Amino acid sequence: QVQLVETGGGSVQAGDSLRLSCAASGTTFSYAMVWFRQAPGKEREFVAGIKWLGGTTWYDDSVKDRFTISRDSVKNTMYLQMNSLKPEDTATYYCAARVHLRQVSDYLADAYDYWGPGTQVTVSS
C-alpha cells in the first residue's frame, strides 16, 4: 500500500511559479512516481515522471522547458517546480505511484497504481 498526499497548489498570475509536493507513505516500493493533471471537461494528462532509483525524468512537451520534477528519497517526497505558469496550466494536479510493472506506457494513467487526492492550481492571465 502507498498513500500519497499533494500540497502546494494555489492561485497565481501568469508568469508566476509554484512548487507542488507529493508526500508518500506506506510499505510498498514505488518504481516510479509521476504528476498528472486534469482540467475541467478534459481527460487526465501526463505532466512529468521520475524513476525512484536513479532519478531518470521524463516530461510532456508542453511543460519540459518550464517544469522540473525531483524527489527526496530520505523524505519520500516528490516535487514539481512549475515556472512561467500559463493559464492553460490550470488544473487539478495529481501525483501517482507505480508499484507493479506491466506493459503499459509510462505516459498513461493506467500504468499507475496509487493516486493522491489532487491539489488545485489556478493561473490567471
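These numbers come from a predicted model, not from an experiment.

## Some details on the state of the cysteines
Following the criterion strictly, the structure yields one disulfide and no others. The disulfide that involves C22 links it to C95, with 2.1 Å between the sulfurs. One disulfide, between C22 and C95, carries an S-S torsion of 60 degrees and so falls in the right-handed class. A residue pair is termed long-range when its members are at least 10 positions apart, and C22 in strand 3 (residues 18-26) and C95 in strand 9 (residues 91-98) qualify at 73 residues. On the accessibility criterion, C95 (0% relative accessible area) is buried.

## A look at the packing of aromatic side chains
Per the counting criterion, the structure on display carries six aromatic pairs. With centroids separated by 4.8 Å and ring planes inclined at 65 degrees, the aromatic side chains of F46 and Y107 adopt a geometry described as edge-to-face. Taken together, the residues F46 in strand 5 (residues 45-51) and Y107 in the loop between strand 9 and strand 10 (114-115) connect sequence positions 61 residues apart. Members of the aromatic cluster, connected to one another through ring pairs, are F36, F46, W58, Y107, Y112 and W115. A cation over an aromatic ring shows up here: R44 above the ring of Y94, its NZ or CZ 3.8 Å from the ring centre. Taking NZ or CZ as reference, R98 lies 5.9 Å from the ring centre of Y112, over its face.

## Details of the nonpolar core
W35, M78, L80, M82 and Y93 are the most contacted members of the largest nonpolar core, which totals 29 residues. Elements represented by at least two residues in this core include exactly strand 1 (2-7), strand 3, strand 4 (32-38), strand 5, strand 7 (67-72), strand 8 (77-82), strand 9 and strand 11 (119-124). Per-element accounting of this core gives the leading share, four residues, to strand 9. Not counting residues within four places of it along the chain, the set of residues in contact with M78 comprises L20, S21, C22, M33, V34, W35, I50, W52, I69, S70, R71 and C95. Grouped together as the second largest cluster of nonpolar side chains are eight residues, F46, W58, A111 and Y112 included.

## A word on the side chain of E6
On the secondary structure map, E6 appears in strand 1. Separated by 2.7 Å, the side chain of E6 and the backbone nitrogen of G118 make a polar contact. The residues touching E6, leaving out its near neighbours within four places in the chain, are S21, C22, W35, Y93, Y94, C95, G116, P117, G118 and T119.

## Brief notes about a nonpolar patch on the surface
Taken together, F29, Y31, L53 and L101 make up a surface patch of nonpolar side chains, about 440 Å² in accessible area. Its location among the elements puts F29 in the loop between strand 3 and strand 4.

## A word on the sheet that holds strand 1
In spatial order, the strands read 1-3-8-7; together these four strands make up an open sheet with antiparallel pairing. In the strand order of this sheet, the two ends are held by strand 1 and strand 7, each with one partner. Strand-to-strand twist of the sheet, defined as the mean angle between neighbouring strand axes without regard to direction, takes the value 15 degrees. Across six bridges, strand 7 lies against strand 8 in antiparallel orientation. Of the residues in strand 8, the one forming a bridge with T68 is Q81.

Cut-offs used in this document
- Residues numbered from 1 in each chain as written.
- Predicted model: local features only at pLDDT ≥ 70, side-chain atom pairs only at ≥ 80, totals over all residues.
- Heavy atoms only, no water.
- Disulfide = S-S within 2.5 Å.
- Helix = DSSP H or I, 4+ residues; strand = E, 2+ residues; numbered from the N terminus.
- Buried < 20%, exposed > 50% of the residue type's maximum accessible area, 1.4 Å probe, protein only.
- Phe/Tyr/Trp six-rings, centres within 6.5 Å; stacked < 30°, edge-to-face > 60°.
- Lys NZ or Arg CZ within 6 Å of the ring centre and 35° of its normal.
- Core = buried A, V, L, I, M, F, W, Y, C linked by side-chain atoms within 4.5 Å.
- Contact = heavy atoms within 4.5 Å.
- Polar contact = N/O pair within 3.5 Å; in protein donor to acceptor, adjacent residues only side chain to side chain.
- Patch = residues over 30% accessible without salt bridge, like charges linked within 9 Å, V, L, I, M, F, W, Y side chains within 5 Å.
- Areas by Shrake-Rupley, 256 points an atom, 1.4 Å probe, with all protein chains shown as cover.
- Salt bridge = Lys/Arg side-chain N within 4 Å of Asp/Glu carboxyl O.
- Pairing = 2+ DSSP bridges.
- Axes fitted to C-alpha atoms, helices over the stretch in contact; angles between N-to-C directions.

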